[in-house]
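# Structural characterization, general
Here is what each chain is made of, one letter per residue.
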Amino acid sequence: MVLPKRHFLPLILFSITAFFFYTYHHSSIPSSTPQFNPNFTLRSPFQNPNPSPVPPNFIFIVKVLAFNRLDALSRCLRSLAAADYLGDRVHLHLYIDHLALANGSSAATVDQKLLESHRILSYADGFDWKFGEKVVHYRTSNVGLQAQWLEAWWPGSDDEFVFVVEDDLEVSPLYYEFVKSLIVNFYYNASNYSPSIYGASLQRARFVPGKHGNKLQLDDKTRLFLYQLVGTWGQILFPKPWKEFRLWYDKNKAKGNKPFLQGMVTTGWYKKMGERIWTPWFIKFIQSHGYFNIYANFLHERALSVSHRDAGVNYGKTAGPDSKLLDERSLDFNILEMRSLSSLKWFDFCFREVLPGRVVRNIVEVEYLLHSLQKQDSVFLVNLFGVQDALVSNMLCNFERLNIRNYILVGPPSDFLFELARRGHPVIDVDQFISSAGLNKLTSHGSSFDAMKGVLAQAYVVKKCIENRYNTWLMRGNSLLTSDRLIEFRDHNNDFFVANNLELFYAKSSSSSEKVWGDGFMSKVVAMADSLARKDSPPHGGLSFVYLVTKLLEENGARIERVDETTFGMKIGSGNDRISSIGDKTLVYWSVEMELGSIQKWLEELNLWSIDSDLSCTAVVCHQS
């Protein structure tokens, strides 16, 4: 083979780098996981790759929820009828709730309310809807807003969509063109689809529920974005997530569960209004399942759906329009330009940006992952091997409570690991990672090989963290932080910190640690891990990361601080007495052999168990930015 001339090397290196960059940004993700969405894109932001036409069995239904506001209903229906439906067949279903009578109502009061109901019914009957089928559902008793929403729709197929409209809404003539473009681009376009999206809201996003209803702040350049909050003033619902919600709701309602989510203003609404409203149930479902909603930011307080906030269930007196209706006269851009999903920003209930789909499969991708983290000086690297899903979920909720945002989860491929990535947690698929490094042939199979893969993956990531000026805390899933200030008493003259029995390790980013943890050191880690994995009975702790790495660091003369974990941590399950306080301990831990039920009881006693039966956080914690 002829070697390339020296002056071609820069070009070759540039080409290789560009290839890795492109491969990383467009790497295939499991079907349940959106693509890794760093803050850059190689594609045109308006490109719509491989657009899929709407299938012939596509069904769009407008569901109008009405009660006792004839003027509002007539305004709403007139605006719906004035929209451009592009020649499509669109159905209109009206759900008219029955009058509500207090005990002891006089005959005159009953007659007056019956007259109002019958006027609304007569108007609905006579309303001309020329775009498709019109159905009027007149209830025999008053069911309230929650049942109006939840009983309005059970999807007939995966190609049936609904636009739910309360009667005090007014829509833009442009709304359907926009909605259909969204469905084509984000539902039927397979290369631009995410199972994390449950629908789209046409209302203007206005507040942040995880900050007690604070006003939402968004930059002027963002046109489309994803946000977890449901928009009840003009919500498009996708069929699969809605079915999933209804089944989830039935299960939780039957068991007597409540949609309480600490830290959310909507929980206060539910405690005040109870089953008269439905949104706290849906919000709890969204938080539990990691779903998002599409929103548009049209600037100048404009929207395709406007609530006039007429007096009713939600408002004691009329509050007036919440936004300005977007119509052709105010149109100064093309609302049908659809961005690729990978270029959109995702926001949670605190309106913090979420980066879904960060699945690292090779050493090059580690560097991009590190660049996506918060600009802090430390990273927590968490070993998930052998850790039960509930403990991982509880740990992540604890990270949220402590405002720990810089962490990487390292584990074998599984549905649960990819689900964590879909929800925005950065993960490393150890099998793919080791295979990409050409290390999967070191040992043929067995549990020792699995342990070795975990050791090697963590060693490579620590190396990258040091090179990128991140201090690294490496911990196992059998421990839980109680403070974001883990260990303040470590000797800052040392580059490494070790607590053997706890599998806790710290690597400081410094010139001396980078010099020690170089390619030569990694070769020794690989050789030693392979040697230990080939033995039938490795020495005690032989295939643990801390044991192996510490031994090699000592041989290299590195500065290591050894600490007894009982000085800063508390072991649970070691005695018969319950402990109600952890004092000044910054970490609790337990034996890897301890049963999940016992761990949960101990952590509940210490107020450190933060998940529900869905393995989702019981609270939304928003920190000051």
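In this convention, every chain numbers its residues from 1, walking through the sequence in written order. Owing to the predicted nature of the model, reporting of local features is limited to residues with pLDDT of at least 70; listing and counting of side-chain atom pairs is limited to 80 or more, with chain, interface and lining totals taken over all residues. Calculated side-chain values reflect all of the structure's heavy atoms, with hydrogen atoms and water omitted.

### Examining the pairing of strand E21 (residues 471–476)
Burial analysis of E21 places five of its six residues in the buried class, which makes it a mostly covered element. Here, any two strands with at least 2 DSSP bridges between them count as paired. Counting from the N terminus, the helices are DSSP H or I runs at least four residues long and the strands are E runs at least two residues long. Bridging between strand E18 (residues 378–383) and E21 involves six bridges; their strand directions are parallel. Paired with valine 379 across the bridge in E21 is threonine 472. Pairing analysis gives three bridges linking E21 to strand E24 (residues 504–507), with the strands arranged antiparallel. The residue of E24 that forms the bridge with threonine 472 is alanine 507. Accessible area is worked out with a 1.4 Å probe on protein chains only. A residue is then buried under 20% of its type maximum, exposed over 50%, and partly exposed in between.

### Some details on the sheet that holds strand E16 (residues 353–354)
The strand order across the open sheet formed by 10 strands is E3-E2-E1-E4-E10-E6-E11-E9-E15-E16, and the pairing between neighbours is mixed. Each edge of the open sheet is held by one strand with a lone partner, namely strand E3 (134–138) and E16. Bridge count for strand E1 (residues 59–66) against strand E4 (residues 160–166) is seven bridges, and the pairing is parallel. Counterpart to leucine 65 in the pairing with E4 is glutamate 166. The contact criterion used is simple: two residues touch if any of their non-hydrogen atoms lie within 4.5 Å. Think of each axis as a best-fit line through the C-alpha atoms, taken over the contacting stretch in the case of a helix, with angles from 0 to 180 degrees between the N-to-C directions. Its contacts with the sheet put helix H5 (residues 175–188) on E1, strand E2 (90–96), E4, strand E6 (197–201), strand E9 (224–227), strand E10 (235–237) and strand E11 (292–296), and the angle it makes with E1 is roughly 125 degrees.

### Focus: the packing of helix H2 (residues 70–81) against helix H3 (residues 107–126)
Running from N to C, H2 and H3 cross one another at 15 degrees; their axes reach a closest spacing of 10 Å. When the interaxial angle is binned, H2 and H3 end up roughly parallel. You can see that H2 and H3 cross each other, and the crossing is right-handed. Between H2 and H3, the residues in contact are Leu70, Leu73, Ser74, Leu77 and Arg78 and Arg119, Ile120 and Tyr123, respectively. Of the residues belonging to the contact of H2 with H3, the class tally is five nonpolar, one polar and two charged. Throughout, the term roughly parallel applies to angles under 35 degrees, roughly antiparallel to angles over 145, roughly perpendicular to angles from 65 to 115, and oblique to all others. Left-handed describes a crossing whose near helix is turned anticlockwise from the far helix through less than a right angle; right-handed describes the clockwise counterpart. Here the nonpolar group is Ala, Val, Leu, Ile, Met, Phe, Trp, Tyr, Cys and Pro; Asp, Glu, Lys and Arg are the charged ones; every other residue, Gly included, is treated as polar.

### Structural notes on the environment of serine 479
By the secondary structure assignment, serine 479 is in strand E22 (residues 479–481). The exposure class assigned to serine 479 is buried, which follows from its relative accessible area of 2%. Separated by 25 residues in sequence, serine 479 and leucine 504 have C-alpha atoms that sit 9.3 Å apart. Sequence-distant contacts of serine 479, that is, excluding residues within four places in its chain, are made with Leu502, Leu587, Val588, Tyr589 and Trp590.

### Here we look at the pattern of salt bridges
A side-chain nitrogen of Lys or Arg and a carboxyl oxygen of Asp or Glu constitute a salt bridge if their distance falls within 4 Å. Scanning the entire structure with this criterion turns up 20 salt bridges. The salt bridge involving aspartate 614 is made with lysine 251; its shortest N-O contact spans 3.9 Å. Here the residue aspartate 614 occupies a position in the segment after helix H17 (596–605), and lysine 251 occupies one in helix H6 (residues 239–254), the gap between them amounting to 363 residues. With a relative accessible area of 22%, aspartate 614 lands in the partly exposed category. Aspartate 431 serves as the salt-bridge partner of lysine 453, at 2.7 Å between the closest nitrogen and oxygen.

### Description of the sheet that holds strand E17 (residues 359–360)
Across the sheet, eight strands lie side by side as E17-E20-E19-E18-E21-E24-E23-E25; this open sheet has mixed pairing. Here the strands that pair on one side only, and so sit at the sheet edges, are E17 and strand E25 (560–562). Lying over the sheet, helix H11 (residues 415–422) contacts E17, strand E19 (407–411) and strand E20 (427–429), oriented at roughly 145 degrees with respect to E20.

### Looking at the nonpolar core
Side chains that are nonpolar tend, in soluble globular proteins, to be buried together. Residues grouped as a nonpolar core are buried Ala, Val, Leu, Ile, Met, Phe, Trp, Tyr and Cys residues, joined through side-chain atoms within 4.5 Å. Counting 58 residues, the largest nonpolar core has Phe60, Val62, Val64, Leu80, Phe163, Tyr175 and Phe178 as the members making the most contacts within it. For this core, the element with the highest residue contribution is H5, accounting for nine residues. If we skip the residues at most four places from it in the chain, phenylalanine 163 touches Phe60, Ile61, Val62, Lys63, Leu80, Val171, Tyr175, Leu202, Gly234, Gln235 and Ile236. Within the second largest apolar cluster, 51 residues are counted, among which are Leu369, Leu381, Ile408 and Ala533.

### A short note on H3
Spanning 20 residues, H3 covers 28 Å between terminal C-alpha atoms, matching the ideal 28 Å at 1.5 Å per step. If you check which residues of H3 are buried, you get Ser117, Ile120, Leu121 and Ala124. One face of H3 carries all of its buried residues, which in axial projection span an arc of 100 degrees. Facing away from the buried surface of H3 by more than 90 degrees, the exposed residues are Ala107, Ala108, Asp111, Asp125 and Gly126. Among the structural elements, H2, E2 and E3 are those in contact with the buried residues of H3. The span you would expect from a helix comes to 1.5 Å times its residue count less one. Summarising the geometry, the arc corresponds to the directions from the helix axis toward the C-beta atoms.

### Points about the confidence of the model for the chain
Here the chain averages 86 in pLDDT, and 86% of its residues register 70 or above. Within the model, the stretch residues 1–50 combines pLDDT values under 50 with 85 contacts to residues more than four positions away or in other chains. Along the chain, pLDDT gives the predictor's confidence residue by residue, from 0 to 100.

### Concerning the pairing of E18
In terms of burial, E18 is largely enclosed, as six of its six residues are buried. Along E18, one buried face is formed by Ser378, Phe380 and Val382 and the opposite face, lined by Val379, Leu381 and Asn383, is buried too. Alignment of E18 against E19, held across four bridges, turns out to be parallel. Paired with leucine 381 across the strands is isoleucine 408, a residue of E19. Clockwise travel from the first strand over the helix to the second, with the strands pointing away from the viewer, marks a crossover as right-handed. For the segment spanning E18, helix H10 (residues 389–402) and E19, crossover handedness is right-handed.

### Some remarks on the packing of aromatic side chains
The relation between two aromatic rings is expressed through the spacing of the ring centres and the mutual angle of the planes. Pairing of aromatic rings covers Phe, Tyr and Trp, the last counted by its six-membered ring, and requires centre-to-centre distances within 6.5 Å; plane angles under 30 degrees mean stacked, over 60 mean edge-to-face, and any other angle means tilted. By the definition in use, this model includes 56 aromatic pairs. An angle of 90 degrees between the planes, with centres 5.0 Å apart, marks the rings of tyrosine 227 and phenylalanine 351 as edge-to-face. Here the residue tyrosine 227 occupies a position in strand E9, and phenylalanine 351 occupies one in the loop between strand E15 (345–347) and E16, the gap between them amounting to 124 residues. The exposure class of tyrosine 227 is buried, given its relative accessible area of 1%.

### Focus: helix H7 (residues 265–273)
Listed as buried for H7 are Val265, Thr266, Thr267, Tyr270 and Met273. For H7, the elements touching its buried residues are strand E7 (207–208) and helix H8 (279–289). Backbone geometry just after H7 places glycine 274 at a positive phi near 60 degrees.

### Details of the state of the cysteines
Any two cysteine sulfur atoms lying within 2.5 Å of each other are counted as a disulfide. All told, the structure shown has two disulfides when counted by the stated rule. The side chain of cysteine 397 participates in a disulfide bridge whose partner is cysteine 617; the two sulfur atoms lie 2.0 Å from each other. Of note, the bridge from cysteine 397 to cysteine 617 carries an S-S torsion of about -100 degrees and is left-handed in sense. Here cysteine 617 lies in the segment after H17 and cysteine 397 lies in helix H10, a separation of 220 residues in the sequence. The buried category is assigned to cysteine 617, whose relative accessible area is 13%. Sequence-ordered numbering of the disulfide-bonded cysteines in the chain gives the connectivity 1-4, 2-3.

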